[in-house]
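# Geometric and topological summary
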Amino acid sequence: MAVLSILDREHTIAPPGYSRWLIPPAALAVHLCIGQAYATSVYKTSMVKHFDSSQTAVGVVFSIAIVMLGLSAAIGGTWVERNGPRKAMFVAACFWATGFLVGALGIGTGQLWLVYLGYGVIGGIGLGIGYISPVSTLIKWFPDRPGLATGLAIMGFGGGALVASPLSRQLLGLYDSSYDPNVSTSVAGGSALVGLFVTLGIGYFVIMMFGVFNIRVPAEGWKPDGFDPRTVQQKALVTTANVSAANAIKTPQFWFLWVVLFCNVTAGIGILEQASPMIQDFFRGDGGKSSVAVAAAAGFVGLLSIFNMAGRFGWSTTSDLIGRKPIYAMYLGVGIIAYALLATVGHTSTVVFVLLAAIIISFYGGGFAAVPAYLRDLFGTYQVGAIHGRLLTAWSAAGIAGPLIINGFLDHEGKPGTLTVSAYRPALFTMVGVLAVGFVANLLIRSVSERFHETSESTAEATR
């Protein structure tokens with residue numbers, strides 16, 4: 001269709017003088033919207049009551065979405081590179097919004113499988129395509145500061161829940177007068193859930209369109225004022241050559257980095273997935289009562305979201321200064337120490353517990369934000385978005401492994417609400433081992449062999 005031709009790559013080339021600082025807000029518009037995936041716990045209890053199902057059955061919706069994120073990013077990465085960020089972001093917006101609307105239909109008709117299909121499968125595809133769609137473009141606009149650029153956008157995914165959580169509670173209160181957004185145990189009715197999903201679907205689509213129509217790709221040969229590409233070549237592990245996505249997965253560097261991301265995410269999810277009950281269990285007295293109130297535990301979850309978001313920007317920006325390999329050595333090495341301390345002395349003080357958990361979560365967020373720049377360093381800019389998509393299968397695997405490790409140990413130790421710090425120690429020490437594996441994998445990363453490099457003629461032909 002002629003109208004949709006505006007989405008084609010050739011119509012998104014920036015005119016002379018276009019400010020590259022307009023690109024991060026466009027990417028942020030998409031990532032803030034899809035970051036709603038971290039806020040599903042807000043209406044989880046209401047969904048359980050509405051469908052008269054278990055926590056596990058409803059929780060599967062989120063798991064499906066994360067698995068589809070990784071799969072769609074891996075499969076669709078090359079398509080995103082070929083068609084450009086505008087078309088990719090538009091497709092992501094359509095899938096994400098449709099996911100909410102199909103999910104609303106499932107809620108309205110009492111069919112949980114439709115919520116699986118809608119939010120889980122269709123919405124999950126929107127998550128994956130939306131997550132990787134601006135990455136390659138940001139790196140091309142910011143060859144001098146790729147960590148800062150990707151951190152600005154991916155920060156939005158981590159911070160999306162900070163917007164979506166209070167917004168969802170207020171919308172549920174608007175659609176159901178019996179629901180109190182200030183009470184964590186309050187439950188909303190089915191019609192309010194339908195209204196919430198429809199509102200979010202339409203609202204997010206509109207916001208994502210801001211990103212779609214403001215995204216641009218740099219003209220061929222463009223570079224920032226004062227930027228000398230030779231300065232990149234002087235940095236350790238940073239290449240000026242290019243590797244295709246097909247060749248990247250044949251290199252040991254890709255798989256070492258896959259292990260690094262898998263281990264970092266698995267350990268971070270270990271805290272995120274159990275954040276609220278975990279802080280209460282760590283400070284549970286002999287009588288079974290926790291000294292940490294439910295409201296305080298909810299505040300702790302919000303604090304972790306802030307550190308998750310701050311880590312994505314702060315640590316990825318720092319990686320531009322000290323390098324990607326050292327920053328991941330810090331994530332994993334200091335993470336090992338933090339997890340060991342959490343298991344041994346975390347119960348001695350809430351301040352110590354919160355500080356250690358905040359550090360771990362900041363590394364979790366930073367790991368997501370710095371990995372596109374790490375890929376650019378190793379494989380060049382040619383198909384970095386497609387390579388990033390393939391690497392995100394590590395996230396899907398970690399999204400399954402992390403909760404399985406934590407819940408497996410906790411289920412063996414006792415029932416929720418009766419657990420204490422001793423129940424968490426086996427899981428926490430397991431995470432120490434997981435991080436150690438990632439630390440070794442990061443140490444093994446070297447520059448990519450020249451035999452995997454593309455010729456300058458092939459990359460020029462592919463980008464025409």
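Residues numbered from 1 in each chain as written. Predicted model: local features only at pLDDT ≥ 70, side-chain atom pairs only at ≥ 80, totals over all residues. Heavy atoms only, no water.

### Here's the deal with the overall build of the chain
Scanning the chain from terminus to terminus reveals 19 helices and 0 strands. For the chain, the C-alpha radius of gyration of 22 Å lies close to 23 Å, the compact-globule estimate for 464 residues. Considering only C-alpha atoms, the chain reaches an extent of 70 × 50 × 35 Å along its principal axes. Considering the chain as a whole, with its 464 residues, one finds that 54% of them fall into the buried category. For the chain, contacts bridging at least 24 residues in sequence account for 84% of all contacts bridging at least 6. For the chain, the exposed surface amounts to about 18,600 Å²; the carbon and sulfur share of it is 66%. Computed over 27 positive and 21 negative side-chain charges, the separation of the two mean positions in the chain equals 2 Å. (Helix = DSSP H or I, 4+ residues; strand = E, 2+ residues; numbered from the N terminus. Rg over C-alpha atoms; globule rule 2.2 N^0.38 Å. Buried < 20%, exposed > 50% of the residue type's maximum accessible area, 1.4 Å probe, protein only. Contact = heavy atoms within 4.5 Å. Areas by Shrake-Rupley, 256 points an atom, 1.4 Å probe, with all protein chains shown as cover. Lys, Arg positive; Asp, Glu negative; His and termini not counted. Charge placed at Lys NZ, Arg CZ, Asp CG, Glu CD.)

### Comments concerning the pattern of salt bridges
Side chains that differ in charge, positive against negative, can pair when their charged atoms come close. Evaluation of the coordinates by the stated rule reveals 6 salt bridges. Here R20 and D144 are joined by a salt bridge, their closest N and O atoms 2.9 Å apart. With R20 in the segment before α1 (23-34) and D144 in the loop between α6 (135-141) and α7 (146-175), this pair connects stretches of sequence that are 124 residues apart. R324 serves as the salt-bridge partner of D320, at 2.8 Å between the closest nitrogen and oxygen. One exposure class covers both D320 and R324, and it is buried. What you see here is one network of salt bridges that share partners, running through R20, D144 and R145. (Salt bridge = Lys/Arg side-chain N within 4 Å of Asp/Glu carboxyl O.)

### Some thoughts on the confidence of the model for the chain
This prediction gives the chain a mean pLDDT of 87; 93% of its residues lie at or above 70. Counting contacts from residues 460-464, a segment whose pLDDT is below 50, to residues more than four positions away or on other chains yields 1 contact. (pLDDT = per-residue confidence, 0-100.)

### Side note on the packing of aromatic side chains
Both the distance between ring centres and the angle between the ring planes are used here to describe each pair of aromatic rings. Inspection of the entire model under this criterion finds 25 aromatic pairs. Here F100 and Y119 contribute two aromatic rings whose centre-to-centre distance is 5.4 Å and whose plane-to-plane angle is 90°, an arrangement assigned as edge-to-face. Linking F100 in helix α4 (residues 85-109) with Y119 in helix α5 (residues 112-132), this pair joins segments that are 19 residues apart in sequence. Comparing F100 with Y119 shows no difference in burial state: the two are buried. Measuring from ring centre to ring centre gives 5.6 Å for W315 and F363, while their planes differ by 50°; the resulting arrangement is tilted. Residue W315 is found in helix α13 (residues 294-322), and its partner F363 is found in helix α15 (residues 350-379); the two are separated by 48 residues along the sequence. Of the residues examined, F363 reaches a relative accessible area of 4% and is grouped as buried. Within the aromatic cluster, the residues linked to one another by ring pairs are Y43, W96, F100, Y119, F197 and Y204. (Phe/Tyr/Trp six-rings, centres within 6.5 Å; stacked < 30°, edge-to-face > 60°.)

### Focus: the environment of W141
Position of W141 relative to the elements: it lies in helix α6. Among the residues examined, W141 registers a relative accessible area of 1% and is labelled buried. For W141, the residues in contact, after removing those within four places along its chain, are A14, Y18, R20, I23, R216, V217, P218, W222 and P224.

### Looking at the packing of α4 against helix α8 (residues 190-214)
Across the interface, α4 lies against α8 with an axial gap of 8 Å and an inter-helix angle of 175°. Our classification of the angle between α4 and α8 gives roughly antiparallel. Partitioned by chemical class, the residues of the contact of α4 with α8 number 22 nonpolar, 5 polar and 1 charged. (Axes fitted to C-alpha atoms, helices over the stretch in contact; angles between N-to-C directions. Parallel < 35°, antiparallel > 145°, perpendicular 65-115°, else oblique. Nonpolar A, V, L, I, M, F, W, Y, C, P; charged D, E, K, R; others polar.)

### Considering the packing of α1 against α5
Where α1 contacts α5, the two axes come as close as 9 Å, and the packing angle between them is 150°. Between α1 and α5, the interaxial angle falls into the category roughly antiparallel. The crossing of α1 and α5 is left-handed. Contact residues: α1 offers V30, H31 and I34, while α5 offers G126, L127, G130 and Y131. Classifying every residue of the contact of α1 with α5 gives 4 nonpolar, 3 polar and no charged. (Left-handed = near helix turned anticlockwise from the far one by under 90°.)

### Quick word on unusual backbone geometry
Its identity is not glycine, yet D52 carries a phi of approximately 50°, on the positive side. Exposure remark for D52: the relative accessible area of 71% places this residue in the exposed category.

### Details of a nonpolar patch on the surface
A contiguous nonpolar patch, built from L32, V163 and L167 and spanning about 220 Å² of accessible area, is present on the exposed surface. Tracing the chain through its elements places L167 in helix α7. Judged by its relative accessible area of 36%, L167 falls in the partly exposed class. (Patch = residues over 30% accessible without salt bridge, like charges linked within 9 Å, V, L, I, M, F, W, Y side chains within 5 Å.)

### Points about the environment of G201
Here G201 is to be found in helix α8. Here G201 falls in the buried class, since its relative accessible area comes to 0%. Between the C-alpha atoms of G201 and Y18, which are 183 residues apart in sequence, the distance is 31 Å. The residues touching G201, leaving out its near neighbours within four places in the chain, are A97 and F100.

### A closer look at helix α12 (residues 275-282)
The α-helix advances 3.6 residues per turn, and as a result positions three or four apart in sequence lie on the same side. Burial of α12 is extensive: 6 of the 8 residues sit out of reach of the surface. Among the residues of α12, those classed as buried are A275, M278, I279, Q280, D281 and F282.

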